[in-house]
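So you can see what is in the structure, the chains are spelled out below.
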Amino acid sequence: MRISFLLLAASLCASVLLLAPVTEGCGPGRGYGKRRLPKKLIPLAYKQFSPNVAEKTLGASGRPEGKITRNSERFKELTPNYNTDIIFKDEEDTGADRLMTQRCKDKLNSLAISVMNMWPGVKLRVTEGWDEDGHHSTDSLHYEGRAVDITTSDRDRHKYAMLARLAVEAGFDWVYYESKAHIHCSVKSEHSVAAKTGGCFPGDARVIVEGGRTKQMRDLLPGDRVLASSSTDVHAPLLYSPIVSFLDRQPNATRTFYVIGTNGGHNITLTAAHLIFVTDCATRPSSSGREEMFQETKLFGSMLQRRAHGAGMKTVFASEVEPGQCVFTSSGRSNSHPRLSVVTFVEEQTSTGLYAPLSQHGSIVVNGVLASCYAAVDSHYLSHWVLAPLRLVYRIIGPSQVQNDGLHWYPWILQKLGKVLLGTEHFHPWGFDQ
């Protein structure tokens, strides 16, 4: 696995250097070179869902916004789907199964084409769409026209595992091989502010700069030296690492962020697709509340510290962090080692400003919690490798000036190349603008 990551990193780096926009309008046009081989599709397993998070979380289709009825103002959000390549069961004989949001319609029509290409003579079949009769659970997305249950027209259950994979590739925000009889698919809301989150911190997040002072993210500049880990496995001492550039910078953007709180009082705020270092803790939170977890942590703190360093650190998307896991926190001093703190809650909040600073060491301590500088793809190590040329350039010529607002061109190119070479399953579903 590590060798394949290194090879991929080398491929990405070489491609970026070739494609770097030193001048515009240069290079071959469309159609140049050999045609890319079709991507190998891996069927979903029974009861598997993709992405691997709960349906109604920020990393998937998002929270329900309330039932839509024929008499409600939001009924106009639903649009009928008369695609002749799709068979609608419509057992209520009301046309309800044809009604859905525009996003759901677009994904369904795309899937219909994939089904016909995969199995000539077979069509996509919808068994459940918009529900106006209360046949589903209270917060089901069927009530909002954001979910469909599907099969193939020949009802061949041997095809359903691949049908689920085709639904993922068609762009549904959550796909679940829910039953032997059907596949469940859903999409995010049309007005979801989380559709374009990227991987960033809000403007009021704080970092520790050289000398021990704190500085808000909105005031951070290339050349500032911030507290970070001296190695990619985060077990090494902390040091002050220079900020070489910003991978993304949107001072006026308002987005939904995840707030991850710890028993030590450190709360880090970051977008769903941002990577953070975690490890499994020896204790898990109980239904009795936070106090019991605090006492357990005090009693077994030293044991927890040793266990976590032996159990192995990993990076996960912020939307995947769960209470009871441990994150790495800092006392605010260089040459000290990160400490473990138990996650006690994960909440959502809306904040202004999107900032993704890139340090020379690829990590940064924000609000006292150690986080990766990277986002969107599910590997900190891979991200650190493919961004090595950019960090090397700035190491030679010095930190960049603050670039224009928006995404830096280098990660923008990596987005395009990464989705071709890695596949969408390695990317957070809301990691980039869609």
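Structural data are supplied above this passage.
What this report covers is the structure whose coordinates are included nearby. Every value quoted in this text rests on a predicted model; they were computed, and no experiment measured them.

Some remarks on the sheet that holds strand S7 (residues 174-179)
Ordered in space as S1-S7-S8-S6-S5-S3, the six strands form an open sheet in which the pairing is mixed. Strands with a single pairing partner mark the edges of an open sheet, and in this sheet they are strand S1 (49-50) and strand S3 (86-88). In this sheet, strand S8 (residues 182-186) lies alongside strand S6 (residues 147-152) in antiparallel orientation, the contact comprising four bridges. Counterpart to Ile 150 in the pairing with S8 is Ile 183.

Let's talk about the packing of helix H2 (residues 102-118) against helix H3 (residues 160-170)
Where H2 meets H3, the axes come as close as 9 Å, and the angle between the chain directions of the two elements is 135°. Here H2 is positioned oblique relative to H3, judged by the angle of their axes. Considering the relative orientation of H2 and H3, their crossing is right-handed. Two secondary-structure elements touch here, H2 through Lys 107, Ser 110, Leu 111, Ser 114, Val 115 and Met 118 and H3 through Met 162, Leu 163, Leu 166, Ala 167 and Ala 170.

Some details on the state of the cysteines
According to the stated counting rule, one finds one disulfide in the structure shown. With a sulfur-sulfur separation of 1.9 Å, Cys 281 is cross-linked through a disulfide to Cys 326. Pair noted here: Cys 281 is in the loop between strand S14 (274-280) and helix H4 (290-299) and Cys 326 is in strand S16 (residues 325-329), with a separation of 45 residues, a long-range link. Judged on exposure class, the residue Cys 281 and its partner Cys 326 are both buried. Cys 185 supplies the cysteine sulfur nearest to Cys 104, a cysteine that is in no disulfide, at a spacing of 8.1 Å. What makes Cys 104 buried here is its relative accessible area of 0%.

Points about the nonpolar core
If you look at the biggest cluster of nonpolar residues, it comprises 46 residues, and the most contacted ones within it are Phe 201, Ile 268 and Ile 276. Examining the composition of this core, we find that eight residues originate from one element, strand S12 (residues 238-262), more than from any other. Among the nonpolar cores identified, the runner-up in size contains 30 residues, and Ala 112, Trp 119, Val 148 and Val 168 belong to it.

Side note on the pairing of S6
The buried count for S6 comes to six of six residues, which makes it a mostly enclosed element. Here S6 shows two buried faces, one formed by Ala 147, Asp 149 and Thr 151 and the other by Val 148, Ile 150 and Thr 152. Summarising the sheet, strand S5 (residues 124-128) and S6 pair through four bridges and their orientation is antiparallel. Note on S6: the bridge partner recorded for Val 126 is Ile 150.

Conventions used here
Starting from 1, residues in each chain are numbered consecutively following that chain's sequence as written. Only residues with pLDDT of 70 or above have their local features reported here, since the model is predicted, and side-chain atom pairs are shown and tallied only from 80 upward, although totals for entire chains, interfaces and linings are computed over all residues. Based on all heavy atoms of the structure, the side-chain values leave hydrogens and waters out of the count. Two strands form a pair only when DSSP identifies at least two bridges running between them. The helix count covers DSSP runs of H or I at least four residues long, the strand count covers runs of E at least two residues long, and both are numbered beginning at the N terminus. Only the contacting stretch of a helix is used when fitting its axis, a line to C-alpha atoms as for every element, and angles between N-to-C directions run 0 to 180 degrees. Small angles under 35 degrees read as roughly parallel and large ones over 145 as roughly antiparallel, with 65 to 115 read as roughly perpendicular and the rest as oblique. Note on convention: near helix rotated counterclockwise from far helix by under a right angle means a left-handed crossing. Clockwise means right-handed. Here, residues are in contact when the closest pair of their heavy atoms is within 4.5 Å. The term disulfide is used for any two cysteine sulfur atoms that are within 2.5 Å. Relative accessibility decides the category of a residue: with a 1.4 Å probe and only protein chains considered, values under 20% of the type maximum give buried, values over 50% give exposed, and everything between is partly exposed. Side-chain atoms within 4.5 Å are what join buried Ala, Val, Leu, Ile, Met, Phe, Trp, Tyr and Cys residues into a set we call a nonpolar core.

Worth remembering: the numbers are spatial, not functional.
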